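Each chain is listed here by its residues.
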Amino acid sequence: MSSRAWEALKQHHAEVKDVHLRELFAKDEGRGTRFAVEACGLYVDFSKQRITSRTLELLFSLAAERALGQRIEAMFKGERINITEDRAVLHVALRAPKTATISVDGVNVVPQVHAVLGRMGEFAERVRSGRWLGYTGKRIKNVVNIGIGGSDLGPVMAYEALRAYTQRDLTFRFVSNVDGTDLAEATRDLDAAETLFIVASKTFTTQETMMNAASARAWSLASLKDDASVAKHFVAVSTNEAEVKKFGIDPANMFGFWDWVGGRYSMESAIGLSTMLAVGPSGFAQLLQGFHTMDEHFRSTPFEKNLPVLMGLLGVWNSDFFGAHTLAVLPYDQYLKRFPAYLQQLTMESNGKRVTLGGADVKAGTGAVYWGEPGTNGQHSFYQLIHQGTRLVPCDFVGFMKSHNPLGNHHDVLMANLFAQGEALAFGKTAEQVRAEGVAEKLVPHRTFPGNRPSTTILAERLDPATLGTLVALYEHATYTQSVIWDINAFDQWGVELGKVLAKRIGSELEATDPKLEHDSSTNALVKRYRSRRG
Ligand code: F6P
């Protein structure tokens, strides 16, 4: 990638790349708070990133050069920024207040959003209160969400994250994988008469979801023995009414959304029906409020204090200038155990692109590989590589002031570990320090920590619905920020198509006894082997 701002950053990187965080902190007593921003209930400390004030200035010039401000406005105004699918990108409309006006093709979509939220709320209250009864008159006790990708990861992540706010006499399960084990294990101990399935699919054509939904219907009918029971035990969430009808679900039991909501940006649309059933309409409203707070912040805050812009730009700095191809998301909260998996789809399906909006090869490294585990588990697994390996792995630490389960001093120990990891990564331990501890000379290299490994620490009061919304929106907008810098489309996902097409072709070949196989020699041999041994 070449431009004035990019070249200036390259030159600046050459000047600062060997400067150690130890030096930066020693030179500037106030660094720890000077590079921290507090907004939307989050305290975000960027001071352990390998930056100076000059780095930020240059990154803001790059953002200006890429017209980031205008591109943010284009999204909020409903312009068709998803150019390869010719669609507006308006997840921000899903969390806009009733009084807002956001138009697509001249139509204000906010009233439609609130109409669906209203229907979801009524339905959720009926199920939660026991007024919605199953076909045999039993109360619904189990909710099984069937979906995949954005129709699964957001719902399951939010359910786990907000467990402390859920109605505990309802059981929630999530089925995504086409592997029959997923559905079998999710339903094996459930009573069909007490089980409600939510079939969640934007397109209602996704192979895995349709197959799981059909098998779930067969499982349910095997007990309830009447097609009429489907209306009491299956609801759909989709943009595709025709396919929902074809499947046999009454459109009265369908909750819709729109093509301007991307799958991985849909957890607060009707796709969040399971979340609303779990935390209730008021908990869901708080979640939306959290999202909206971050939306407003992203739209109106100068870049210097704009959390998603800062986070996005620092990601570009680490990946394109320091060559860090990955980012570890390390939530120090067990309830966020699915957050890294959720962020994987959000960031990697969005920014895993190799051509610009204009179709040319991108001349920079794009989306980083996101991954992670909740602290402290990761510390006893992969942190070794982050501390002493040869690769640079920037980290995002996420922690909360208050625990939902204050058990002795567990929370203090948890948070002490979070703070310690950031400190150890940044400052390390020099050979001199190791020697001063009396370590034998031959062990000194092994026990030295180079430090200078960048991290961001995000702190919030408590993991509640609003905070979850704020956190998710932070990463959504940081992802968009990066796509603008790289000039790529964060909102399509053509890369998932080829595998789907090939799987269909191979699927029919597995069932046949001896059709001619015309793949490469490896695929032919694998298919033949499976064909001759399948159970
Ligand atoms: O994996 C591709 C994808 O289209 C994702 O973008 C999407 O979240 C997922 O499949 C599920 O799609 P749907 O909600 O249409 O079933």
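For the structure itself, look to the data block above.
This section reports on the structure supplied with the text. (Residues numbered from 1 in each chain as written. Predicted model: local features only at pLDDT ≥ 70, side-chain atom pairs only at ≥ 80, totals over all residues. Heavy atoms only, no water.)

In the vicinity of the ligand lie 13 residues, with Ser-151, Ser-201, Lys-202, Thr-203 and Thr-206 positioned nearest. In the model, an oxygen atom of the ligand is placed 2.7 Å from a nitrogen or oxygen of the Lys-202 main chain. Taking Gln-345, its side chain carries an N or O atom lying 3.1 Å from an oxygen atom of the ligand. A per-class count over the shell around the ligand returns two nonpolar, nine polar and two charged. (Near = heavy atom within 4 Å. Polar contact = N/O pair within 3.5 Å; in protein donor to acceptor, adjacent residues only side chain to side chain. Nonpolar A, V, L, I, M, F, W, Y, C, P; charged D, E, K, R; others polar.)

The next subject is the packing of aromatic side chains. Within the structure shown, the criterion is met by 19 aromatic pairs. Judged by centre distance (5.7 Å) and plane angle (40 degrees), the rings of Tyr-159 and Phe-174 are tilted. One end of the pair, Tyr-159, is in helix H8 (residues 153–161); the other, Phe-174, is in strand S6 (residues 171–175), with 15 residues separating them in the sequence. Look at Phe-174 and you get buried, because its relative accessible area is 15%. Their ring planes at 40 degrees and their centres at 5.6 Å tell us that Tyr-480 and Phe-491 sit as a pair that is tilted. In this pair, Tyr-480 is assigned in helix H20 (residues 465–486) and Phe-491 in the loop between H20 and helix H21 (497–511), connecting sequence segments 11 residues apart. Across the pair, Phe-491 and Tyr-480 agree in class, each one buried. Among the aromatic residues, those joined into a ring-pair cluster are Trp-6, Trp-317, Phe-321 and Phe-322. Positioned above the aromatic ring of Phe-25 is the side chain of Arg-31, whose terminal nitrogen or guanidinium carbon lies 5.3 Å from the ring centre. (Phe/Tyr/Trp six-rings, centres within 6.5 Å; stacked < 30°, edge-to-face > 60°. Helix = DSSP H or I, 4+ residues; strand = E, 2+ residues; numbered from the N terminus. Buried < 20%, exposed > 50% of the residue type's maximum accessible area, 1.4 Å probe, protein only. Lys NZ or Arg CZ within 6 Å of the ring centre and 35° of its normal.)

What follows concerns the pattern of salt bridges. One pass over the full model with this rule turns up 32 salt bridges. Between Lys-17 and Asp-18 there is a salt bridge, and its shortest N-O distance comes to 3.4 Å. With a relative accessible area of 36%, Lys-17 lands in the partly exposed category. In this structure, Lys-500 and Glu-497 form a salt bridge, with 3.9 Å as the shortest nitrogen-oxygen distance. Here Glu-497 and Lys-500 lie together in helix H21, a separation of three residues that amounts to about one turn. On the basis of relative accessible area, Glu-497 is assigned to the partly exposed category, the value being 33%. Connected via shared salt-bridge partners are Arg-95, Glu-268, Asp-295 and Glu-476. (Salt bridge = Lys/Arg side-chain N within 4 Å of Asp/Glu carboxyl O.)

By the element assignment, Leu-336 lies in the loop between strand S10 (326–331) and helix H15 (339–351). With 39 residues separating them in the primary sequence, Leu-336 and Gly-375 have C-alpha atoms 9.8 Å apart.

Bringing the sheet that holds strand S11 (residues 369–371) into the picture now. In space, the six strands of this open sheet follow the order S1-S2-S13-S12-S10-S11, with mixed pairing throughout. Looking at the sheet topology across the chains shown, the edges are occupied by strand S1 (36–39) and S11. Adjacent strand axes in the sheet meet at a mean angle of 15 degrees, parallel and antiparallel pairs treated alike. Across three bridges, the pairing between S10 and S11 is parallel. Paired with Ala-328 across the two strands is Trp-371, which belongs to S11. (Pairing = 2+ DSSP bridges. Axes fitted to C-alpha atoms, helices over the stretch in contact; angles between N-to-C directions.)

Moving on, we get to unusual backbone geometry. With the exception of glycine, most residues fall at negative phi, and the peptide bonds are largely trans. In this model, Gly-375 is joined to Thr-376 through a cis peptide bond whose omega is 5 degrees. Within the secondary structure, Thr-376 is located in the loop between S11 and helix H16 (383–388). For Lys-225, which is not glycine, the phi torsion reads 55 degrees and is therefore positive. In this fold, Lys-225 is placed in the loop between helix H10 (207–224) and helix H11 (230–233). Judged by relative accessible area, which is 68%, Lys-225 ranks as exposed.

As summarised here, the arrangement of the five strands in space is S6-S5-S7-S8-S9, forming an open sheet in which the pairing is parallel. The sheet terminates laterally at S6 and strand S9 (254–256), the two strands that pair on one side only. Along the sheet, successive strands turn relative to each other by an average axial angle of 20 degrees, direction set aside. Pairing geometry for strand S8 (residues 234–238) and S9, over three bridges, is parallel. By the bridge assignment, Ala-236 is partnered in S9 with Met-254.

Now for the nonpolar core. The biggest cluster of nonpolar side chains holds 131 residues, and the ones touching the most others in it are Trp-260, Leu-277 and Leu-468. In contact with Leu-468, not counting residues within four places along its chain, are Met-157, Ala-158, Ala-161, Leu-162, Met-267, Leu-287, Leu-336 and Leu-463. By size, the runner-up hydrophobic cluster in this structure holds 19 residues, among which are Phe-197, Phe-204, Phe-247 and Met-254. (Core = buried A, V, L, I, M, F, W, Y, C linked by side-chain atoms within 4.5 Å. Contact = heavy atoms within 4.5 Å.)

For the pair helix H1 (residues 4–16) and helix H14 (residues 307–321), the least separation of the axes is 11 Å and the interaxial angle reads 70 degrees. Taken as axis vectors, H1 and H14 run roughly perpendicular relative to one another. Across from Trp-6, Leu-9, Lys-10, His-12, His-13 and Val-16 in H1, the residues of H14 making contact are Val-316, Trp-317, Asp-320 and Phe-321. (Parallel < 35°, antiparallel > 145°, perpendicular 65-115°, else oblique.)

Glancing now at helix H7 (residues 110–129). Over its 20 residues, H7 runs 28 Å from end to end, which matches the ideal 28 Å to within 8%, given 1.5 Å per residue. For H7, the complete set of buried residues consists of Val-110, Val-113, Val-116, Leu-117, Met-120, Gly-121, Phe-123, Ala-124, Val-127 and Arg-128. Turning to H7, the residues buried within the fold contact helix H6 (91–94), strand S4 (107–108), strand S7 (195–200), S8, S9 and helix H13 (273–300). Just past H7, the residue Gly-130 takes up positive phi, approximately 90 degrees. (Expected span 1.5 Å × (residues − 1).)

Inspection of the secondary structure puts Val-237 in strand S8. Taking the C-alpha atoms as reference points, Val-237 and Asn-145, separated by 92 residues in sequence, lie 10 Å from one another. If near-sequence neighbours (up to four positions away) are discounted, Val-237 is found in contact with Ile-198, Val-199, Ala-200, Ser-201, Phe-204, Phe-255, Phe-257, Ala-270, Ile-271 and Leu-273.

In short, geometric facts, not functional conclusions.
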